[in-house]
Amino acid sequence: MSNHLNFDYSYLEAEEKAKVAISLSGTYWITTFGCQMNKADSERMAGILESIGYQIAPSEHEADLVLYNTCTIRDSAEQKVYSYLGRQAQRKRTNPHIILIVAGCVAQQEGASLLRRVPEIDLVMGPQQTNRLSYLLSQVENGQQVIATEESYILEDITNARRESSVCGWVNVVYGCNERCTYCVVPSVRGKEQSRLPESIKMEMEILATQGFREVTLLGQNVDAYGRDLAGISPEGRRHNTLTALLYFVHEVKGINRIRFATSHPRYFTERLIEACSNLSKVCEHFHIPCQSGDDEVLKTMARGYNVDRYYRIVDRIRSRMPDASISADIIVAFPGETDTQYQRTLELVEKVGFDQVNTAAYSPRPNTPASNWSIQVDERIKVERLQQLNSLVEKKAFERSKRYLNRIEEILIEGLNPKDSNQFMGRTRSNRLTFFPTHTSKGKSYTYGDLVMVKIKEIRAFSLTGTLL
Ligand code: SAH
Ligand code: SF4
Ligand code: F3S
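Residues numbered from 1 in each chain as written. Chains lettered and ligands numbered in written order. Predicted model: local features only at pLDDT ≥ 70, side-chain atom pairs only at ≥ 80, totals over all residues. Heavy atoms only, no water.

You can read under Sequence similarities (unreviewed entry) in the UniProt record for the protein chain the words "Belongs to the methylthiotransferase family. MiaB subfamily." What UniProt records for the protein chain under Cofactor (unreviewed entry) is the sentence "[4Fe-4S] cluster". (UniProt positions renumbered as here; feature names shortened; annotations may be inferred.)

On to the site of ligand 2. Taken together, C177, E179, C181, Y183, C184, V186, P187, Q221, N222, H265 and R304 are the residues near ligand 2. Per-class residue counts for the shell around ligand 2 are six nonpolar, three polar and two charged. (Near = heavy atom within 4 Å. Nonpolar A, V, L, I, M, F, W, Y, C, P; charged D, E, K, R; others polar.)

Within strand β3 (residues 65-70), six of the six residues are buried, which leaves the element mostly enclosed by the surrounding structure. What you see with β3 is no split at all: L65, L67 and N69 on one side and V66, Y68 and T70 on the other are buried throughout. As defined by bridge partners, strand β1 (residues 26-32) adjoins β3 across five bridges and the pair is classed as parallel. Bridge assignment links T32 to a residue of β3, and that residue is N69. Note that β3 and strand β4 (residues 99-103) share five bridges and pair parallel. The partner of N69 across the bridge, within β4, is A103. Handedness of the crossover joining β3 and β4 through helix α3 (residues 75-94) is recorded here as right-handed. (Buried < 20%, exposed > 50% of the residue type's maximum accessible area, 1.4 Å probe, protein only. Helix = DSSP H or I, 4+ residues; strand = E, 2+ residues; numbered from the N terminus. Pairing = 2+ DSSP bridges. Right-handed = clockwise from strand over helix to strand, strands pointing away.)

Moving on to the domain arrangement of the protein chain. Considered domain by domain, the protein chain is made up of domain 1 (10-148), domain 2 (168-403) and domain 3 (406-469). Relative placement of domain 2 and domain 3: their C-alpha centres are 27 Å apart. Contact residues are listed per partner, giving 23 residues for domain 2 and 19 residues for domain 3. Together, the buried faces of domain 2 and domain 3 total about 1700 Å²; carbon and sulfur atoms form 48% of this surface. Between domain 2 and domain 3 we count four salt bridges in total. At the boundary of domain 2 and domain 3, one finds 16 residue pairs in polar contact (both at pLDDT 80 or more). Secondary structure elements with two or more residues in the side of domain 2 that touches domain 3: β10 (258-262) and α15 (380-402). (Domains from an automatic or database assignment. Contact = heavy atoms within 4.5 Å. Buried area = accessible area lost by both parts, 1.4 Å probe. Salt bridge = Lys/Arg side-chain N within 4 Å of Asp/Glu carboxyl O. Polar contact = N/O pair within 3.5 Å; in protein donor to acceptor, adjacent residues only side chain to side chain.)

Pasting the structure below:
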C-alpha cells in the first residue's frame, strides 16, 4: 500500500489479519483535556467504543474503561493528567478489571515513561492512533500493556463519531503542524501536516447534514495552511488544495447553514481567503487568528514568521470587507526575554485591535522546545502580573465589543439549553458570541435545537449576551 505522505503503512494489512472479534464490553468514560482537535478525537474514540459494545458510564468512578485524552501545551495541563491518573490507578488496585487508557498529546510526549510512572495503565496511544483504538484494545484484551506512539499516516476517518452536540460538528481538515514555533510542543506530538482529501471532507459534511447538523467547524492547527501536501493526489485534491478553494467546494453542501474554521495562522491568512469569506454566505464572520505577541522582536524569537504590521494588515482587510467581523486570538505573555516595553506593545495591540475574545497564557517551558533552554526566563511573579493585567484589558475590550449588539437583532443557531437555566436556549451569533434567550415567545411559538432564530439583544456582558426571541 502507498499513500501521498510516503509512510509505510503495510502494518495495517497485518492488523486487519490479526484483528480479533472484540468481546470487551461494559461502560466507558472519556475525559478530554486540551483543544478542539482533542475534542474531535475524543468524539471519534467514543464512536469506536460504542461500535464495539461499550456504553457510556454514569460517572468516571463507575466506568469499566477510563480514557484520558490528554494535553501538554503547558505544564499545568500535563500535571492535571497525572493527578487524574493517580486517582484511577488507586481505583484499579481494588478493581483490577478496569481498563485505563492515556491518549493524546501527553501520551505521545511521554510514551513508555508513562507506564513506568503509572504501571496501572493498559494503553498509551498518541493522537495519530485515534482511529486504531479498537485494534489496540484487542491487544489489551490479549493481556498486553500497549504503547502506540509511532508516527503514522492518519487513517481516513471512517468511524461514526459520537458527537457531543447534535447541531454543531467538528470536521478535521488538516492534522499536525509543520511550523517550528520555539515555545510549542504541538509539532513533536501531532506530527507533520496531513490534509484530508476535499471529497472526504465534503462527504463527512453531507452525512452531518442528513443527521440534522446545521453548523460545521473545519479544524486544523493551522487550518489556513490546508492542502499544501495535496497537489497531485487526486483531481479534486489538485483543484481544492487551499482553504479558500475548499470553502468554495464545501459551501454547496445542502442543510449546513453555517461554516466556521479554526485555527488560522497569520502567515497563511490570504487576501483571497478573506474575499472568499465575504462572498460565501454560510461562512461566519468570526476569525480566530493568534497573534501571540505585539512585538516584532518577540515574534521573531518565537519564529512566528510574520511581524505586527502584517497582523494589523490582516485585521484591516477583514474589517474593510466585513466591518462587523469578530476577531479573536491567542497571546502568550512573559516569553523568555520579553521586556516590559515589549510586553507593553502586546497591550497596545490588544487595545488597538479590540479583540472580541483572547485566550491568554503565561509562557510555560515545554520539553524538547528551544525556548525552554534559554537562560533568560521571566520571573514567575512578573508572569502572573502580566497575565492578570492582560486579562483585565481583554475583558474590558470584549465588553466594549459586546456593546455593538445592544438592541440589535441577531441570527442565532439554537445549540441547546442554557446549562444554568433550562428555561433558556443557548446559541451563538454568526460572530460567535454566546447568546441566551427564553425558550418561548410571548405568542407561544416553540423552537428546537438546530433552528435559526432572530433574537433581539437586551443585555450584554463581556463574553455573552441575553435577548428575547422575535
Ligand atoms: N496553531 C495555533 C495554536 C495552537 S496551540 C497557532 O499557531 O496559532 C494553542 C495556543 O497555546 C497557542 O496559540 C499559544 O498561545 C499557546 N501556547 C502554546 N505553547 C505554549 C507555551 N509553551 N506556553 C504558553 N502558551 C503556549
Ligand atoms: Fe504550535 Fe506554532 Fe504549530 Fe501553532 S503554528 S501549533 S503555535 S508550532
Ligand atoms: Fe493540547 Fe495537543 Fe491540542 S498539546 S492544545 S491537545 S494539540
